[in-house]
Amino acid sequence: MPLLEFFLPIFAQADSAIEVVESVSETVAEVADKFSSVDTIWVLLGAALVFFMHPGFTMVEAGFTRAKNTGNIVMKNVLTFALGTIFFTIVGFGIMFAPGMNLSSETVSPYFGGIDLFSSGAIENQYGAGSYPGVVFLIFQTVFCATSATIVSGAMAERTKFSTYCIYCIVLSAFVYPVSGHWVWGGGWLAEKGFHDFAGSTVVHMVGGLSAFIGAAFLGPRLGKYTKDGKPRAILGSNLALGCLGVLILWFGWFGFNGASTVCATGDGVLTSMGSIFVTTNLAASVGAAVTMLITWARYGKPDVSMTLNGVLAGLVGITACCDVVSPIGAAIVGTLSAVFLVIGIEFIDKVLHIDDPVGAISVHGVCGVVGTLCVGLLADPKVNGDFHGLLYGGGTALLITQIIGVVTVAAWITITMLILFGILGATIGLRVSKAEELGGLDISEHGLASAYADFNITDQLLGIVAHEEGRVPLAQAVTVEHSVPKTVTAKPLDPSHPKFSKVEIICRQNKFDDLKSALNAIDITGMTVTQVMGCGMQKGSSEFYRGVPIDIQLLPKVRVEVVVTKVPVGLVIETAKKVLYTGNIGDGKIFVYDVENVVKVRTGAEGYSALQDE
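Keep in mind the model is a prediction, meaning the values are calculated, not measured.

### Observations concerning the pairing of strand β7 (residues 556–565)
Item 1. For strand β3 (residues 501–509) and β7, the ladder comprises eight bridges, and the chain directions are antiparallel. Opposite C508, over in β7, you have V559 as the bridge partner.
Item 2. Relative to β7, strand β4 (residues 529–535) is paired through seven bridges, and the arrangement is antiparallel. Bridge assignment links G535 to a residue of β7, and that residue is L556.

### Regarding the packing of helix α3 (residues 70–97) against helix α6 (residues 162–184)
Item 1. Contact pair α3 / α6: the axes reach a minimum separation of 8 Å and the direction vectors enclose 35°. Seen from above, α3 lies across α6 with right-handed handedness.

### A few points about the environment of T320
Item 1. Considering the arrangement of structural elements, one finds T320 in helix α11 (residues 305–320).
Item 2. We classify T320 as buried; its relative accessible area is 0%.
Item 3. Sequence separation between T320 and C368 is 48 residues; the distance between their C-alpha atoms is 9.9 Å.
Item 4. Aside from chain neighbours lying at most four places away, what touches T320 is F198, A199, G200, S201, H205, W254, F257 and N258.
Item 5. Among the polar contacts made by the side chain of T320, one reaches the side chain of W254 at a distance of 2.9 Å.

### Let's talk about the nonpolar core
A general tendency of soluble globular proteins is for nonpolar side chains to be buried together.
Item 1. Within the largest apolar cluster, 114 residues are counted, with the highest numbers of intra-cluster contacts made by Y168, Y177 and M418.
Item 2. Here Y168 is in contact with S148, A149, V152, S211, M418, L421 and F422, once residues within four sequence places are set aside.
Item 3. Counting residues in each nonpolar core, the second largest holds 18 residues, with I506, I523, V561 and V568 among its members.

### Details of the packing of aromatic side chains
Item 1. This model, assessed by the stated rule, comprises 22 aromatic pairs.
Item 2. On the numbers, 6.0 Å between centres and 20° between planes, the contact of Y168 with F422 is stacked. Placement of Y168 in helix α6 and of F422 in helix α14 (residues 398–427) is noted, with a sequence separation of 254 residues between them. Taken individually, Y168 and F422 each receive the classification buried, so the pair is uniform in this respect.
Item 3. Three or more aromatic residues joined by ring pairs make a cluster, and in this case those are F88, F93, F97, Y127, Y132, F137 and Y177.
Item 4. The cationic tip of K76 hangs over the ring face of Y165; the distance from NZ or CZ to the ring centre is 5.3 Å.
Item 5. Over the aromatic face of Y226 sits the side chain of K225, whose NZ or CZ is 5.9 Å from the ring centroid.

### Section: the sheet that holds β7
Item 1. With antiparallel pairing, the four strands of this open sheet are ordered in space as β4-β7-β3-β8. The sheet terminates laterally at β4 and β8 (590–596), the two strands that pair on one side only. Sheet twist, expressed as the mean angle between neighbouring strand axes with direction ignored, is 25°.
Item 2. Two elements, β3 and β8, share seven bridges in a ladder whose sense is antiparallel. Bridging from a neighbouring strand, K503 pairs with Y594 of β8.
Item 3. The strands touched by helix α17 (residues 513–522) are β3, β4 and β7; relative to β7, the strand with the most contacts, the crossing angle is about 10°.
Item 4. Here helix α18 (residues 570–581) sits on the sheet and contacts β3, β7 and β8; the angle it forms with β3, its principal contact strand, is near 5°.

### Overview of the environment of V247
Item 1. Among the structural elements, V247 can be located in helix α9 (residues 240–259).
Item 2. The spatial distance from the C-alpha of V247 to the C-alpha of G311 is 9.9 Å, given a sequence separation of 64 residues.
Item 3. Look past the residues within four positions of V247 in its chain and what remains in contact with it is V60, L309, V312 and L313.

### Some words on the environment of P382
Item 1. Mapped onto the fold, P382 is located in the loop between α13 (361–379) and α14.
Item 2. By relative accessible area, P382 is classed as partly exposed at 30%.
Item 3. Along the primary structure P382 and V325 are separated by 57 residues, whereas in three dimensions their C-alpha atoms are 7.4 Å apart.
Item 4. Ignoring anything within four residues of it in the chain, the contact list for P382 reads F388, H389 and Y393.

### Examining the pattern of salt bridges
Item 1. What the rule picks out here adds up to ten salt bridges.
Item 2. With a closest N to O distance of 2.6 Å, R222 and E158 form a salt bridge. Separated by 64 residues along the polypeptide, R222 in the loop between α8 (201–219) and α9 and E158 in the loop between α5 (134–155) and α6 bring together distant segments of the chain.
Item 3. According to the relative accessible area criterion, E158 is buried, its value standing at 1%.
Item 4. D356 is the partner of R222 in a salt bridge, and the nearest nitrogen-oxygen pair spans 2.7 Å.

Reading the values: the criteria
Residues numbered from 1 in each chain as written. Predicted model: local features only at pLDDT ≥ 70, side-chain atom pairs only at ≥ 80, totals over all residues. Heavy atoms only, no water. Pairing = 2+ DSSP bridges. Helix = DSSP H or I, 4+ residues; strand = E, 2+ residues; numbered from the N terminus. Axes fitted to C-alpha atoms, helices over the stretch in contact; angles between N-to-C directions. Left-handed = near helix turned anticlockwise from the far one by under 90°. Buried < 20%, exposed > 50% of the residue type's maximum accessible area, 1.4 Å probe, protein only. Contact = heavy atoms within 4.5 Å. Polar contact = N/O pair within 3.5 Å; in protein donor to acceptor, adjacent residues only side chain to side chain. Core = buried A, V, L, I, M, F, W, Y, C linked by side-chain atoms within 4.5 Å. Phe/Tyr/Trp six-rings, centres within 6.5 Å; stacked < 30°, edge-to-face > 60°. Lys NZ or Arg CZ within 6 Å of the ring centre and 35° of its normal. Salt bridge = Lys/Arg side-chain N within 4 Å of Asp/Glu carboxyl O.

Here you go:
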């Protein structure tokens, strides 16, 4: 018995330890079962893809505007994401997704979330968590908020104060966007009514597009955009290749924007829905591009490049609300409608309302955001998603009416808040830079940047720089090099036995240069100076359109060939050039003939006829 009494406490402690281990194991199992690795990775991947859309927005805006503002555009797009991240994390996420001031409440406030500084409640999984941690949902929603904010940048480009734009980004990210977002995605009153905006045609894009419309209206057009009688002038973008790359990046990122909005990647039903979303997203973008091309081709005589690029984005914005409820046929209809309303919107805003939108952001995001949201009520196919039944599939008008209510109320909220915000900013620090600053470009006036493309500038002397083999140094530090002057540099009278010198300058098409060069070589002209130039004749170039607006003077790329002749008759040069360049069409080129007083060869100092000869 004494031995048994000795071991009984030990056995009791062992039983207690086993219970603790079992309890810990159960807790670990609960935690392990709470989150899905697949869902978490899918949402994080979607967040990364949506973030990658921001370089796309930057490229589109930089490509569709003038080079003197590129640095400003880069700064705006970077700070949009930076400021949006900071203030959405500090306060915006809580307003949008917290159920109320009590972060653990099971009842969702219909109009306003809660105050959750630095989203600590979400990070602790008090709200916002699903089959993934709350912090994962936080970063996913952060990139969506920044997307909405950056839309305004393009419409207000080339004339907005940088400080004003930063304040706008803060207000939109911290308060305006989260409030309307709570109504739809945070379980608020519109969500309760059955309003459906799967990935943000209204929540993200219409909010940004309408904000852009109001901001651009307050700002006024760029200098020189409209004539005295109100006719719009075309202001060409600096780099459509860059703009195209931006559009393709956005197209790629949109698969995360729409596809990852399932916030789930497990289960056969969800996997099928993900595949359908990818198909409808891609199809709407493709149809949007093709239909826009056809419309502009019919209206302007040639397919418009920049508006076709806008057509891709129009289709993407339109399908964003309904990508999970429409069939491929429905997606094609959405892409078609988005393209039609895109072109109508761009022309109406530019030519009738006289609101200057350099990149078409208002039509792409605002107009097509509305179109896509309403298409839910029209084209929702119960075979694709049994929870939604559109009007054209026999579902009645109930869903369409709900969609209209959602669009109107969100639009009213954005209109009121943006009128107040831009009104206050305009009355205090001002919205617009000065006339001189706008003409000089915002790169230099707002950021002290002479050019965003400095290495492409061949006039480095304007910056006080001179090139040396050892590197580049300021002109003030340049070393004077001693050199000997050839004795023959002294001017001598020209030999009257040689014919006079004549300079022949030929302006021709680029595709005719090789033929011209060969023809001149055949008549013993081997020395020439060739430069790339832009210009037009008295006919002001061929009549073309840019974004539906006739271009006043179309400067065309040409080649300028300059030769100085003395032995070869000038008439022979002219006849040779005419024979090679003639097509009978406008733009064949011009030939100019000048008398040359003298010719000096720098290397030897030879003058006159001998200066044109090679020893």
